[in-house]
Every structure is written in C-alpha cells, then in structure tokens.
Amino acid sequence: MNPAVSKVREAKLEFYRKKGKIHAKAVQGRFNSLRWAMVWLTQIVFYGACWLPWTTEAGARQAILFDIVDEKLYLFDLVLWPQDALLLAIVLILAATALFFTTAIAGRLFCGFACPQTVYTSIFVWIEGKIEGDHLARLRLDQRPMSARKLLIKSVKHGIWALVAAWTAITFVGYFTPMRELLPAIASFQTGPWETFWLIFYATFTYLQAGLAREAVCQHMCPYSRFQGVMIDPETANVSYDAKRGEPRGALRQAGAVNKGDCIDCGICVQVCPTGIDIRDGLQYQCINCGLCIDGCDEVMDKIGAPRGLIRFTSERELAGQPKVAGAWSRPRTLVYVGLLLVFTALGTWTLTERVLLRVEVHRDRGTLMQETIDGRIENSYTLKLINMEEATRRFRIGVSGLPGLRIEGATEFVVEPGRVHSVTLTLSSPVGGMPTGVQPIAFETVALHDPGLAVREKSTFILPTH
Ligand code: SF4
Ligand code: SF4
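None of these values were measured; they are calculated from a predicted model.

1. Brief notes about the overall build of the protein
And step 1. Assigned secondary structure in the protein consists of 16 helices and 16 strands.
And step 2. For 467 residues, the compact-globule estimate of 2.2 N^0.38 gives 23 Å, and the C-alpha radius of gyration of the protein, at 33 Å, exceeds that figure by more than 25%.
And step 3. Judged by the C-alpha coordinates and their principal axes, the protein covers about 115 × 60 × 35 Å.
And step 4. Classification of the 467 residues of the protein by burial places 44% in the buried group.
And step 5. Counted over contacts in the protein with a minimum sequence separation of 6, partners at least 24 positions apart contribute 68%.
And step 6. Counting 50 positive and 43 negative side-chain charges, the protein places the averaged centre of each group 11 Å from the other.

2. Regarding the domain arrangement of the protein
And step 1. You can read the domains of the protein as domain 1 (1-22 + 86-109 + 216-355), domain 2 (38-80 + 115-213) and domain 3 (358-464).
And step 2. Taking only C-alpha atoms, the centre of domain 1 and the centre of domain 2 are 30 Å apart.
And step 3. The interface is formed by 12 residues belonging to domain 1 together with 15 residues belonging to domain 2.
And step 4. When the two sides are added together, the surface that domain 1 and domain 2 hide from each other amounts to roughly 1,100 Å², 60% of it contributed by carbon and sulfur.
And step 5. Linking domain 1 with domain 2 are 0 salt bridges.
And step 6. For the pair domain 1 and domain 2, the number of links is 2 residue pairs in polar contact (both at pLDDT 80 or more).
And step 7. Those elements that place two or more of their residues in the side of domain 1 that touches domain 2 are α1 (3-17) and α10 (215-221).
And step 8. At 4 residues, α10 tops the list of elements feeding residues into the side of domain 1 that touches domain 2.
And step 9. Of the residues belonging to the side of domain 1 that touches domain 2, the class tally is 9 nonpolar, 1 polar and 2 charged.

3. Describing the site of ligand 1
And step 1. Looking at ligand 1, there are 13 residues lining it, with Cys263, Cys266, Gly267, Cys269 and Cys297 nearest.
And step 2. Those elements that place two or more of their residues in the shell around ligand 1 are α13 (268-271) and α14 (292-304).
And step 3. The class makeup of the residues in the shell around ligand 1 is 10 nonpolar, 1 polar and 2 charged.

4. Some points on the sheet that holds strand β5 (residues 78-80)
And step 1. Ordered in space as β3-β4-β5, the 3 strands form an open sheet in which the pairing is antiparallel. On the outer flanks of this sheet lie β3 (64-67) and β5, each paired with one strand and no other. Strand-to-strand twist across the sheet, computed as the mean angle between neighbouring axes with direction ignored, equals 10°.
And step 2. Of the pairings in the sheet, the one linking strand β4 (residues 72-75) to β5 comprises 3 bridges and is antiparallel in character. Within the sheet, the bridge partner assigned to Leu73 lies in β5 and is Leu80.

5. Details of helix α16 (residues 332-354)
For an α-helix, the turn length of 3.6 residues means that residues three or four places apart are oriented alike.
And step 1. Relative to the 33 Å expected for 23 residues at 1.5 Å per residue, α16 spans 32 Å between its end C-alpha atoms, a close match to the ideal helical length.
And step 2. Where α16 is buried, its residues touch α3 (85-106).

6. Comments concerning the packing of aromatic side chains
And step 1. One pass over the structure, following the stated rule, counts 18 aromatic pairs.
And step 2. Where Phe100 meets Tyr337, the ring centres are 6.1 Å apart and the plane angle is 45°; that geometry is what we call tilted. Of this pair, Phe100 sits in helix α3 while Tyr337 sits in helix α16, and the two are 237 residues apart along the sequence.
And step 3. Look at Tyr337 and you get buried, because its relative accessible area is 14%.
And step 4. Geometrically, the ring pair formed by Phe172 and Trp198 is tilted, given 6.1 Å between the ring centres and 50° between the ring planes. Of this pair, Phe172 sits in helix α7 (residues 148-173) while Trp198 sits in helix α9 (residues 193-213); the two residues are 26 residues apart in sequence, bridging distant segments of the chain.
And step 5. Under the relative-accessibility criterion, Trp198 is labelled partly exposed at 32%.
And step 6. In this structure an aromatic cluster arises from ring pairing among Phe66, Phe172, Phe176, Trp194, Phe197, Trp198, Phe201, Tyr202 and Phe205.

7. Some thoughts on the confidence of the model for the protein
And step 1. Chain-level statistics for the protein give a pLDDT mean of 90 and a share of 93% at 70 or above.
And step 2. Confidence scores differ between elements of the protein, with α1 showing the lowest mean pLDDT of 54 and α7 the highest of 97.

8. Re the site of ligand 2
And step 1. In the vicinity of ligand 2, the contacting residues are Val239, Cys273, Pro274, Thr275, Ile277, Ile279, Cys287, Ile288, Asn289, Cys290, Gly291 and Cys293.
And step 2. Taken together, the residues of the shell around ligand 2 break down into 9 nonpolar, 3 polar and no charged.

9. Considering α14
And step 1. Spanning 13 residues, α14 covers 19 Å between terminal C-alpha atoms, matching the ideal 18 Å at 1.5 Å per step.
And step 2. Residues of α14 that are buried: Leu292, Cys293, Ile294, Asp295, Gly296, Cys297, Asp298, Val300 and Met301.
And step 3. Buried-residue contacts for α14 involve α2 (30-49), β6 (237-241), α12 (243-246), α13 and β7 (311-315).

10. What about the sheet that holds strand β11 (residues 394-401)?
And step 1. With respect to topology, 4 strands assemble into an open sheet ordered β13-β11-β15-β16, the strand pairing being antiparallel. Looking at the sheet topology across the chains shown, the edges are occupied by β13 (413-416) and β16 (451-464). Between one strand axis and the next, the sheet turns through 25° on average, direction left out of account.
And step 2. Here 4 bridges tie β11 to β13, and the two strands are oriented antiparallel to one another. Bridge pairing in β13 places Phe396 opposite Phe414.

The rules behind the values
Residues numbered from 1 in each chain as written. Chains lettered and ligands numbered in written order. Predicted model: local features only at pLDDT ≥ 70, side-chain atom pairs only at ≥ 80, totals over all residues. Heavy atoms only, no water. Helix = DSSP H or I, 4+ residues; strand = E, 2+ residues; numbered from the N terminus. Rg over C-alpha atoms; globule rule 2.2 N^0.38 Å. Buried < 20%, exposed > 50% of the residue type's maximum accessible area, 1.4 Å probe, protein only. Contact = heavy atoms within 4.5 Å. Lys, Arg positive; Asp, Glu negative; His and termini not counted. Charge placed at Lys NZ, Arg CZ, Asp CG, Glu CD. Domains from an automatic or database assignment. Buried area = accessible area lost by both parts, 1.4 Å probe. Salt bridge = Lys/Arg side-chain N within 4 Å of Asp/Glu carboxyl O. Polar contact = N/O pair within 3.5 Å; in protein donor to acceptor, adjacent residues only side chain to side chain. Nonpolar A, V, L, I, M, F, W, Y, C, P; charged D, E, K, R; others polar. Near = heavy atom within 4 Å. Pairing = 2+ DSSP bridges. Axes fitted to C-alpha atoms, helices over the stretch in contact; angles between N-to-C directions. Expected span 1.5 Å × (residues − 1). Phe/Tyr/Trp six-rings, centres within 6.5 Å; stacked < 30°, edge-to-face > 60°. pLDDT = per-residue confidence, 0-100.

The following block contains the structure:
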C-alpha cells in the first residue's frame, strides 16, 4: 500500500480507537436488523406488560405483579407464594443453563442481542444520533470547546435521556406497585420510601449505564465477559475474521495484483464496532458478538465484488481449516446443558402441576396444654392457619383423626377469601377412659368442599393425662 494512504488510514482508525467515548458508525444489515428486532421485542414486553389488566374471581388486578407486601407473585392466572420458592430456584437454574448453552454454541450471543445493557445502550445511542448527528458529527461535537450551541444540544440530549431513564424506572417499579396506584402517587409526591428509593436508583442506574458508561460496562464491569473463556471451545461459533482469506490486507486489489488478501483495510469493521475493538486482532473479551462488523464488512465485500463472510460467525476449528470432530450441537458440554435443561424443565413442570393450592399450619395452644370438662372429657386447643392459594373464595372442612372418640367442638367448615390466610381457633376433645396417656399423635385433615382431591393432612399431638 502507498505509505501515505496507509498513514491516513491508520490516523483515521486511531481517531476511532481513541478511548474515551466511542461513536460507532451506523450500519445496515442482517445483524443490525436482528439487534433492533430484539430491542423492539424486549421493550414492548417490558414497557407494555405492566399495563395488562387481569380479572379473576377475586377481582381485577395487574396481570404481572410482584406483590412484596402480600408476598405474592402474580403471573396472569398463576399466583406464587413464598412456599413456591423452589419454582423460582428452578427458573433461575434454567435461565443460567440456557445462557451457558447459548454461549457454548454461539459465544456471547446474549450480550449482543438481548442483554439489557446492550438494548438500552442502543436506544440511548439512537437518541444521541437523532440529536447530535452521525458518528462523525458526534465526534466533532465532542472535540469542540463548549459553546452555547453545544450546551443546548447536549442539554436536549441529556434531558431526553433522563426522561427515558425516568420512564424505565417507573415501569420497573410498576411491576412491584400496581401502575394504576403508582402513577397517581408519583404525581402527588406520595410514593412510599422504598418506591422512592427504587425510582431514583433505577433511573440513575439506567442513565449512567446506558448513557454514560455504555461499552465500558461490557468491557470492565460485566463478569460474564471474564468467564466466557471457560464456556467456549474450538467448536463455538464466534464473530471471527478469516485471516487466511483476508491477509495480507491492503488497499483494493489492482488488476494483476498478487499476494493480496480480501481485506482492503478500510477500517469499517472497527468504525461500526460498539465496543471499539478491531476484530482482526482475534477473539477478544470485549467482543459482544453483536455481528455489526459482519454487516459492515459484508457491505464492503459487496462493493468490491468479493464473496461475503470475510468476517462471520464461525468456529476456531473451521477457521483453522480442520474437519469438525463432532456436530456443534452434540459435543459433551452441549449435551450436558441440554440434559440439564430437560431435567429442570420436567422438574419445574412437575412442581407446578403438583402444587397443592391449600396450605394448613397447625399451632398448639402453648398457654393451656389440656383441660378437663365437666362431662369428663379432655380438651386441647389449637390455632389453624388455612391458606387459600387460589384466586377464588373456597370453603374447607376440617376433620381430625388419631384417637378413638376424638372430635372437634364447634364449627368444622370455614370460608376463606381468595389468596388469604384465615386463622381458626379449634378445640378438640377426647374421652379419657380406656385411652392411652401422655402425648399422642393426631392429624388434622382439611378438605376443599369444591374439590375433595384438594386435601391437606397436617400432623400434631393431643395431650392426655398421664395418670
Ligand atoms: S471491514 Fe472488512 S475489508 Fe474493511 S477492514 Fe474490516 S475486515 Fe477488512
Ligand atoms: S468486534 Fe464485531 S461482533 Fe464484536 S463487538 Fe465489535 S462489532 Fe460486535
């Protein structure tokens, strides 16, 4: 290459490599479209789902709500209680395993397309582009001394960023406090202490992370980038530069030029990279596998009439020209992940379908162990907590077993409101003659009248005189 041209190109690249703020060049292509499709999909779900109403026998409520006060998680018709923590643990294990599986197959795919940091950075950079102009205009503006015009442009941008961050925080808190209660509370400055804290924290967090920190989060804060190395192997497909085909790089091939690779050293792949790296230097922990350099390079290849794919999703083994020893899906590590996904999906499904929507807690009256009645029977007192985990009012009948002649004095049927805990004080009585003495095991059987299959048996003890 002409040394003068090379010098200009290097200076141009240096312009982009200058760390500090990275202003990536906009690019069109398959991966950019996929990225924006993910932005739309995730944000429609995030901003929209908290507005979905849901009506049950218990009344109308928000379809998705983490009700911290009542310790319940509402997911449409499903209501989870603290006792269902196992399900949450299974969901977390499934999410982690799915992430490991995706990484083993295609590297940091999650980072490039679905990570909230990537998604919000894309939105904030899009806003920045609309206000400040393209990447070159933004670079120039940043390097210019402060002026009234620059102050105005920057103020507008930061103002809009702050509004987006604030709405994101409101939406986030709206999953914990019903939106229709939260908005009036915000408007009248009457949010509770934890709501106020999370509104301020989440808005600040979004503004700083997506507006100011951006790629620095992926490069320096995200632990995932550090341990991804142990989750990938030579079969993992990553965004890679085909050095065999591209090198030696140089200016566009002239007619008759020999020993030139397909890389024309245009630097587009660096200019479009949101983390500001040069993929031609090999696999780097800063790479989030977003594929934008593929879009940029494919466009260049189209223009020079070379085949696409100089930069592409490919494995280390394929790049080295080695035959595949096993299919990408059938390596031991991916099979282990698939196995874990199947096992935990089955376990989660079983746990969900087998959960009993009635819980009963039995507490003996600690004050008086027993007392004798005028007709010679022995009484013990208990408090039962009937927890109706359904979204409908239910009537339950309580029975008792374990000793001959043991019976409940008073009412045995109780109505419990949807999703409520109903405390019942029960007195049991037993004859004395011919009975064993001391502490005797008994059991309470609680049955739902609308569904005899919904029954819970809880063990307890009944105390009889020792002589
Ligand atoms: S975009 Fe393609 S041709 Fe241009 S420098 Fe990067 S790899 Fe080389
Ligand atoms: S090197 Fe390519 S895939 Fe990696 S972050 Fe940069 S643009 Fe995205």
